[in-house]
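Structure assessment
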Amino acid sequence: MDQIWKSLLFILIFVPALSWSDAQIELKSAPSTVRIGPVGEFHGDDAVEIFSAKNEIESFQVAVTARGGNLENLNVEITTLKNTESGEIPLAEMSLFREIDVPVRYSSPRAVLPPGWIPDPLAPFYDPYTGESFHCARWRENKMQGSRFGAAGFDVWQDQHQRLWVDVRVPAQCPAGIYEGEMRVTARNAKAAIPVRLHVWDFALPDGPSHENHFGGFSGIAGYYKIERNSERYQQLEDRYIALMAEHRLNPPLPSRYFPRTAEDGSIVMEDENDRQIAEFVHRYHLTNLEIPRAPFRDILGENRSKAIQYYRSWFAYLQKKGWERGAYLYMLDEPNTSEAYEQVRQLGALVKEANPGIRRLVVEQPYAQNPQWGALDGSIDIWCPLFAFIDESSVRRVQSQGDEVWSYSALVQSAPSYHPSYENVKNDNPPYWQLDFPALSYRIAPWLNRRYGVTGLLYWSTVYWGSPDRDPWDDPGFRIRWNGDGFLFYPGVDAGVDGPVASIRLKNLRDGMEDYEYFQILDRQGKQELVQQIVTQAVPTWGTWNQNPMQLLELRKKLAEAILQK
C-alpha cells in the first residue's frame, strides 16, 4: 500500500512538472488570408515575410504551438522594424492581437468549414484607449482579475495552437526598402523568436477608400450596452466604432447628432456648429461617401411631398457647396420585392429627381425585374445594388450604358434566383458568402469581384447586429441560428476588457481587399487598365468561380505592385 501511495504522489508532483519543463515553443507564420484552427496541421513558415505599399496596413499571423508539454503564462513582444539606411517603423505603428475562437454549433447553408471552434475576434494585447496591457482572467488575491478574453498571459496546451495577429501600419512617408525585426514569445518555462521582414514598395495608397461603400450604422450598440441612443455614453461608444470602421477603409455613417434642424418648409437649416462638426468628421475619417439622410417626415409621397423635396434639395445644395456631392447618395429603398414596392421606387425616384437630378438614388435591387409584370425601374435608380449571386454581367452593362452605376451586397447565403437571366448557367455557382464558416478570403475577394464586373461599390447591412441584448456573439455567433456571423464584423469589446469595439479576422480581410482595390486605381491612372483586368480575371474568372487559393491571390497582388513600380 505504501508503494501505491508513493507512486501516486510521484505522479501528482513530478509528472505535471515534467510536462511544463519539457515543453518547447514552436512558432510558424501564415498570411492574413488563411484561418488556422486551434488544433491540427497547417502550412506555416519559419519566418514572417510581408509586402506593403506606403500608407497601407499589412497583417500577418503567427501560430504559437506547444511541443513536448504545456506552456503557461505566455507573453509576446515585437521589436521595431529597422532598415539600416532608412530608419525604422516604430512599435506605435504595430498592433498585436490574440485570436479568439468562437463556437459554431450549426453550419450555415453551403458552409465550407464544419461546426466547431473558428477564430474570428481579435483581442488586443493593449487597450487602444489607455495603452494598458490586457491579461487573461486569473484568480489572484481571492478575486478574479483580468478579462475573459484578455490577450497577455495565455496558456497553450500540448500540440495546440494559439494564433497571434499583427497589424503593421506603414507610414505614408516611410522610405521604400526592407525593414527587419522579430517577434518574441516567452512562457514561464520556454521562449522562442521568429524573424519578421517587411518589404515596403515605393508607392502610397490614398487616405480614404476609392471603392465606394456603405456598411450601416451603429444603433445596435445601444441595445447590447443597454444605453439610450441620445446619451453621452452612446456617443462615446459610437465615436469609437466609427473610428475603427474608418481605420479599415470603410466610410462610417454621419452621426445623427450632427444633422441640422429643419425649417417649416422642410429645408435644412445648417448652423455654423453643424457645418463645423460635419466638416471635421469628413476630414478626420477621410470620407469618400456621404449618405444623405432620409427625409424625416411621414407620407412623403402624399401631404409632405413638397417638404421632402425641399429637404433633399437643401441637403444636396450644402454638399455641392462643400464639394462633396460626387460621393453623396440617397439610400432610397431596400429590397423592393412586390409590385407595390416597385411602384414606390418609381414615385420616390421621381420625387428625388425633382429635388435635384444630381442626387444619386440607391436601391438595393438587381438591374433586371424580379417579375416583368411589375414594370421596369429604369430611370428611377442611379445606383443598382444586387446581391453577389444576383449579378448578371449583361444586365450590369445595360444599366451602365445608360449612365447608371452598380454596387453589390451580401446577406445570408443567397444563391442565384430563378428569375436570373442566365439561371441555368449560374444556379450551381457559389459567390463569396460572408459567414464565419466560409474562407476568410471570401471577404478580401469581394472588391476583386466588383472590379471584374465594373461594379463600383460595396454595401453590407450592418456591422453590429448581434441580435437580442442578451445574446453574446463571443458565445453565440449565429444570426437566426444558421447564418453564423451575418450582420456583424465587430464584437462588443466587454469580454476582452475593451470599452469599445473589437475587430474580426473577417473585417481585416475586407480591409485588405479594399486596399487591393487601390492598386487597381493606381494602375488605371497609369493607363494599365487591360493589365488590371487580366490579373483580376485570374482571381475571378466569373462571379461564381472565384479562385479560393489564398496564396495565389497574394502572388497576384505582387504582380499588381510590380506593374505599378514599372512606371
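Read on for a plain summary of the structure. (Residues numbered from 1 in each chain as written. Predicted model: local features only at pLDDT ≥ 70, side-chain atom pairs only at ≥ 80, totals over all residues. Heavy atoms only, no water.)

A few words on helix α3 (residues 232-247). Taking 1.5 Å of rise per residue, the 16 residues of α3 would be expected to cover 22 Å, and the 23 Å separating its terminal C-alpha atoms lies within 8% of that figure. Of the positions making up α3, those classed as buried are Tyr234, Leu237, Glu238, Tyr241, Ile242, Leu244, Met245 and Ala246. Elements in contact with the buried residues of α3: α2 (220-225), α4 (272-284), β26 (490-492) and β27 (501-503). Once α3 ends, the next one or two residues include Arg249, with phi positive near 60°. (Helix = DSSP H or I, 4+ residues; strand = E, 2+ residues; numbered from the N terminus. Expected span 1.5 Å × (residues − 1). Buried < 20%, exposed > 50% of the residue type's maximum accessible area, 1.4 Å probe, protein only. Contact = heavy atoms within 4.5 Å.)

Across the 12 residues that make up strand β3 (residues 56-67), a large majority, 11, are buried. The pairing of β3 with strand β12 (residues 161-170) spans 10 bridges and is classified as antiparallel. Residue pairing across strands places Gln61 opposite Trp165, the latter belonging to β12. (Pairing = 2+ DSSP bridges.)

Taken together, the five strands give an open sheet; going across it, the order is β1-β3-β12-β7-β8, and neighbouring strands pair in antiparallel fashion. The sheet is open, and its two borders are formed by β1 (24-31) and β8 (116-124), each paired with just one other strand. Pairwise comparison of adjacent strand axes, ignoring direction, gives a mean angle of 30° for this sheet. With respect to the sheet, helix α11 (residues 505-525) is in contact with β3, β7 (94-104), β8 and β12, its orientation differing from that of β3 by roughly 140°. (Axes fitted to C-alpha atoms, helices over the stretch in contact; angles between N-to-C directions.)

Nonpolar side chains in soluble globular proteins tend to end up buried together. Counting 115 residues, the largest nonpolar core has Tyr312 and Trp448 as the members making the most contacts within it. What Trp448 contacts, discounting residues up to four positions off in sequence, is Asp516, Phe520, Ile535, Val536, Ala539, Val540, Leu553, Leu556, Arg557 and Leu560. Ile50, Met94, Phe154 and Val156 belong to the second largest nonpolar core, which has 37 residues in total. (Core = buried A, V, L, I, M, F, W, Y, C linked by side-chain atoms within 4.5 Å.)

The next thing to look at is empty space enclosed by the protein. Considering all chains together, one arrives at two cavities of 30 Å³ or more under this definition. When its volume is computed, the largest cavity comes out at roughly 110 Å³. In terms of lining, the largest cavity is formed by 13 residues, of which the most central are Asn251, Pro252, Pro253, Glu291 and Tyr329. Counting only elements with at least two residues in the lining of the largest cavity, the list comes to β15 (212-214) and β18 (290-291). Partitioned by chemical class, the residues of the lining of the largest cavity number seven nonpolar, five polar and one charged. If you add up the space inside the second largest cavity, you get close to 50 Å³. Together, Leu387, Phe388, Ala389, Ser410, Ala411, Leu412, Gln414, Pro431, Pro432 and Tyr433 line the second largest cavity. When the residues that make up the lining of the second largest cavity are grouped by side-chain class, the tally is eight nonpolar, two polar and no charged. (1 Å grid on protein atoms, 1.4 Å probe; cavity = no way out; pocket = protein on both sides within 12 Å on 5 of 7 lines; lining within 4 Å. Points joined across faces, edges and corners; volume = space filled by probe spheres on them. Nonpolar A, V, L, I, M, F, W, Y, C, P; charged D, E, K, R; others polar.)

The next thing to look at is the packing of helix α5 (residues 305-322) against helix α6 (residues 339-355). Helix-helix packing: each pair is described by the crossing angle between the helix axes and the interaxial distance. Taken N-terminus to C-terminus, the directions of α5 and α6 make an angle of 55°; their axes are 8 Å apart at the nearest point. For the element pair α5 / α6, the angle class is oblique. As α5 runs across α6, the sense of the crossing is right-handed. Side by side, α5 and α6 meet where Arg305, Ala308, Ile309, Tyr312 and Arg313 of the first sit next to Ala350, Leu351, Val352, Glu354 and Ala355 of the second. Grouping the amino acids of the contact of α5 with α6 by side-chain chemistry returns seven nonpolar, no polar and three charged. (Parallel < 35°, antiparallel > 145°, perpendicular 65-115°, else oblique. Left-handed = near helix turned anticlockwise from the far one by under 90°.)

With that settled, the discussion passes to the sheet that holds strand β20 (residues 361-364). The strand order across the open sheet formed by seven strands is β15-β23-β22-β21-β20-β19-β18, and the pairing between neighbours is parallel. At either end of the open sheet lies a strand with only one pairing partner, and these are β15 and β18. Pairing analysis gives two bridges linking β18 to strand β19 (residues 328-334), with the strands arranged parallel. Paired with Glu291 across the bridge in β19 is Tyr329.

Before going further, it helps to spend a moment on α4. When the terminal C-alpha atoms of α4 are compared, their 18 Å separation across 13 residues agrees well with the 18 Å that a helix rising 1.5 Å per residue should span. Among the residues of α4, those classed as buried are Asn274, Gln277, Ile278, Ala279, Phe281 and Val282. Contacts from the buried residues of α4 go to α3, β17 (268-269), β18 and α5. His286 sits one or two positions beyond α4 and adopts a positive phi of about 55°.

Here the focus is the packing of aromatic side chains. A complete count under the given rule lists 33 aromatic pairs for this structure. Here the aromatic rings of Phe281 and Tyr285 are separated by 5.0 Å at their centres, their planes lie at 65°, and the arrangement is edge-to-face. Judged by relative accessible area, Phe281 falls into the buried class, the value being 1%. When its relative accessible area of 13% is taken as the criterion, Tyr285 is described as buried. Pairwise contacts between aromatic rings join Phe218, Tyr224, Tyr225, Tyr241, Trp466 and Phe490 into one cluster. The positively charged end of Arg240 is found above the aromatic ring belonging to Tyr129, 3.8 Å away from the centroid. One Lys or Arg, Arg294, reaches over the ring of Tyr331 and ends 5.2 Å from the middle of that ring. (Phe/Tyr/Trp six-rings, centres within 6.5 Å; stacked < 30°, edge-to-face > 60°. Lys NZ or Arg CZ within 6 Å of the ring centre and 35° of its normal.)

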